[in-house]
Amino acid sequence: MGTGSDMYRQQILDHYKSPRNYGELEDPDFSHTGENPSCGDTIQMDVKLDEDNEEIEYVSFTGDGCAISQASASMLSERLVGMTLAELEDLETDDITDMLGVTISPMRIPCAVLGNQVAKDGAKIYQGELDPEDYGETITEE
Amino acid sequence: MSTQDAYPIDVEAIRADFPVLDRNVGGDVTTPGEGEDDTEPLVYLDNAATSQTPKAVVDSIVDYYYSYNANVHRGIHQLSQEASVAYEEAHDTVADFIGADGREEIIFTKNTTEAMNLVAYAWGLAELGEGDSVVTTQMEHHASLVTWQQICKRTGAELRFIEIDDEGRLDMEHAAELIDDSTEMVSLVHISNALGTINPVEKITEMAHEVDAYSFVDGAQSVPTRPVDVGEIDADFLAFSSHKMLGPTGIGVLYGKEHLLESMQPYLYGGDMIRKVTYEDSTWEDLPWKFEAGTPSIAQAIALDAAIEYLEDIGMANVQAHEELLAEYAYDQLNRYDDVTIYGPPGDDRGGLVGFNVDGVHAHDLSSILNDFAVAIRAGDHCTQPLHDTLGAAASARASFYVYNTREEIDALVEAVDDARQLFA
Ligand SMILES: Cc1ncc(COP(=O)(O)O)c(C=O)c1O
């Protein structure tokens, strides 16, 4: 019976049950929120940069929703530290599913990439490449 | 009811009529159909979303396309006449099925949603205004809720929502308060697709008629699963979808009392719905064609006819008995777990579906895990977002049953739910 709930390997459940870097930063360089309406997932990512405003020094997140979206944001909060904003911009869906280490079914991809999209959009708004008027909130959909 | 009791219908024989029930799942989803990596027998418990299709229904479509495919009402050649007769007779079959007076009262639409919009536009935009109210319920499907919400916005009418109690039943005192002299329409769902609540549509229709308002019954979940008689309910309008009652997608039904449909202006204009056209003006065809503009879904209408025939062979009272048996069984099995919340009324008083959540497991995670067990259910807001706000849940899981489902399939569901509980514990 069953194929062993492949999407929910220990790592994902661990990050879901005990999220890393959970909370809001007091003085982030940028903070952005997003939603995946199909799941009702929400994520806020707060990012602190180094002195040159290039390298990510610290990330925290808050959110609510399914295990895939929350675990993905939690793992990402660790993964992003030490990356430059340019490297963040290059993070693709494949990088996120690699990070998660499991096969994500197509319907759940928007859950998996929500945190990443929020971080990327936040960075772009910070760099003046996106208009916060239009990107007040990131939305991921199928 | 104990697990030993026999089913009210011959489930084994019925299952043999549905080829898809033999398929395995579990593999790659990017190419449709069974592949080598699909190894687990499908447990299909998403019937409230859409039902599966028996051979007889598919055969009727094949027969139409292979032997009398033609446009209707347009040709005097034989194929067109045969297609026209079959298409028109499908209206008679539907009329008989729900106790309507005749084909004049049966309009084929795309689905329930379009039937709802037809009345909202053709009747609502013309009749509603400031000072009027439309009364509906907190448990409406978006098909009804969003439609009346937007029509009320455009006309200035007030939209009122009958509240639900802790068991997901309508608060009838509140209904009595809301339905008043300003009310022009009371639109309510017969069986809630999220809660399984069976609403007292006769009583509410009576209350509507007392203040000279009309009633619109959303029968999307009731017509497929139990005997529904528009005469008994005295509903002014009723809507349902073929794809939830063993029929194909692409066709739904609007029932309306003849004198009301007579008084309404068309909602779509074009061919097939006119009698006489000049450059200056047009007159309309008789009912129901006045509301069926353009080439209709002919094969689908013929297949809906076949689906109804299939259901009538089983007998709608038997279908209902089977639904109730499975709903109660599923309710009782899931209710054994303290961390499972079931929405809606108790197991012995609900339609054939169970909506629930497991503490600490998001409904979409649950649905994914159940999918790993080859159990197909629906997870989400089930097109009832405001209701989910009222329930305080972003989403819920829903298992829904039909004539081919068994207790063993519900056991598979419960086993998978238990697995999810333990995984997330
Ligand atoms: C109660 C109810 N009303 C309306 C609908 C809409 O049906 P359709 O999508 O076929 O228009 C559904 C099904 O999704 C339903 O369950």
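Residues numbered from 1 in each chain as written. Chains lettered and ligands numbered in written order. Predicted model: local features only at pLDDT ≥ 70, side-chain atom pairs only at ≥ 80, totals over all residues.

Going by the annotation in an unreviewed UniProt entry, the name recorded for chain B is cysteine desulfurase, with Halonotius aquaticus given as the source organism. In UniProt, chain B has this text filed under Cofactor (unreviewed entry): "pyridoxal 5'-phosphate". Word for word, the UniProt comment on chain B under Catalytic activity (unreviewed entry) is "(sulfur carrier)-H + L-cysteine = (sulfur carrier)-SH + L-alanine". (UniProt positions renumbered as here; feature names shortened; annotations may be inferred.)

Under an unreviewed UniProt entry, chain A has the name SUF system NifU family Fe-S cluster assembly protein and belongs to Halonotius aquaticus.

## Notes on the site of the ligand
The local shell around the ligand holds 14 residues, among which Asn111(B), Thr113(B), Asn193(B), Ala220(B) and Ser241(B) are the closest. Partitioning the shell around the ligand into residue classes produces five nonpolar, eight polar and one charged. (Near = placed C-beta within 6 Å. Nonpolar A, V, L, I, M, F, W, Y, C, P; charged D, E, K, R; others polar.)

## Regarding the UniProt feature "domain: NIF system FeS cluster assembly NifU N-terminal" (unreviewed entry) in chain A
Feature annotation in UniProt assigns "domain: NIF system FeS cluster assembly NifU N-terminal" (unreviewed entry) to the following positions: residues 7-128 of chain A. Secondary structure across residues 7-128 of chain A divides into 43% helix and 20% strand, with the first and last C-alpha atoms of the span separated by 37 Å. (Helix = DSSP H or I, 4+ residues; strand = E, 2+ residues; numbered from the N terminus.)

## Some details on the interface of chain B and chain A
Contacts between chain B and chain A engage 18 residues on the former and 18 residues on the latter. Elements that contribute at least two residues to the side of chain B that touches chain A include exactly α12 (363-372) and α14 (407-424) of chain B. Looking at side-chain class alone, the side of chain B that touches chain A contains eight nonpolar, five polar and five charged residues. (Contact = placed C-beta atoms within 7 Å.)

## Considering the pairing of strand β6 (residues 158-162) of chain B
Residues and elements named next belong to chain B. With five bridges joining them, strand β5 (residues 133-137) and β6 adopt parallel strand pairing. Considered in β6, the bridge of Thr-137 is made with Ile-162. Following the chain from β5 across helix α5 (residues 142-155) to the adjacent parallel β6, one finds a crossover that is right-handed. (Pairing = 2+ DSSP bridges. Right-handed = clockwise from strand over helix to strand, strands pointing away.)

## Examining the sheet that holds strand β3 (residues 56-64) of chain A
Residue and element names in this part refer to chain A. An order of β3-β2-β1-β4 is seen for the four strands of this open sheet, with the pairing classed as mixed. A strand with exactly one partner marks an edge of an open sheet, and here the two such strands are β3 and β4 (138-139). Sitting on the sheet, helix α2 (residues 67-79) touches β1 (30-36), β2 (41-49) and β3, and the angle it makes with β3 is about 165°. Packing of helix α5 (residues 109-126) onto the sheet brings it into contact with β1, β2, β3 and β4, and relative to β1 it is tilted by some 145°. (Axes fitted to C-alpha atoms, helices over the stretch in contact; angles between N-to-C directions.)

## Observations concerning the pairing of β5(B)
All names here are of chain B. The buried fraction of β5 is high, at five of five residues. Burial of β5 is two-sided: the residues Ser-133, Val-135 and Thr-137 facing one way and the residues Val-134 and Thr-136 facing the other way are all buried. By the bridge criterion, three bridges tie β5 to strand β7 (residues 183-189) in an arrangement that is parallel. In the sheet register, Val-134 faces β7, and the bridge partner there is Met-185. (Buried ≥ 20, exposed ≤ 12 C-beta atoms within 10 Å, placed from the backbone.)

## Points about the packing of helix α1 (residues 10-17) of chain A against α2(A)
Residue and element names in this part refer to chain A. Where α1 contacts α2, the axes come no closer than 8 Å and their chain directions differ by 85°. Taken together, the axes of α1 and α2 are roughly perpendicular relative to one another. On α2, the residues that touch Ile-12, Leu-13, His-15 and Tyr-16 of α1 are Ala-67, Gln-70, Ala-71, Ser-74 and Met-75. Class assignment of the residues belonging to the contact of α1 with α2 gives a composition of six nonpolar, three polar and no charged. (Parallel < 35°, antiparallel > 145°, perpendicular 65-115°, else oblique.)

## Quick notes on the domain arrangement of chain B
All names here are of chain B. Parsing chain B into structural domains produces domain 1 (11-50 + 316-424) and domain 2 (57-313). Counting from both sides, the interface comprises 25 residues of domain 1 and, opposite them, 24 residues of domain 2. Elements supplying a minimum of two residues to the side of domain 1 that touches domain 2: α11 (316-335), β14 (353-358), α13 (385-391) and β17 (396-400). Residue contributions to the side of domain 1 that touches domain 2 peak at six residues, all from α11. Of the residues that constitute the side of domain 1 that touches domain 2, the class distribution is 12 nonpolar, 10 polar and three charged. (Domains from an automatic or database assignment.)

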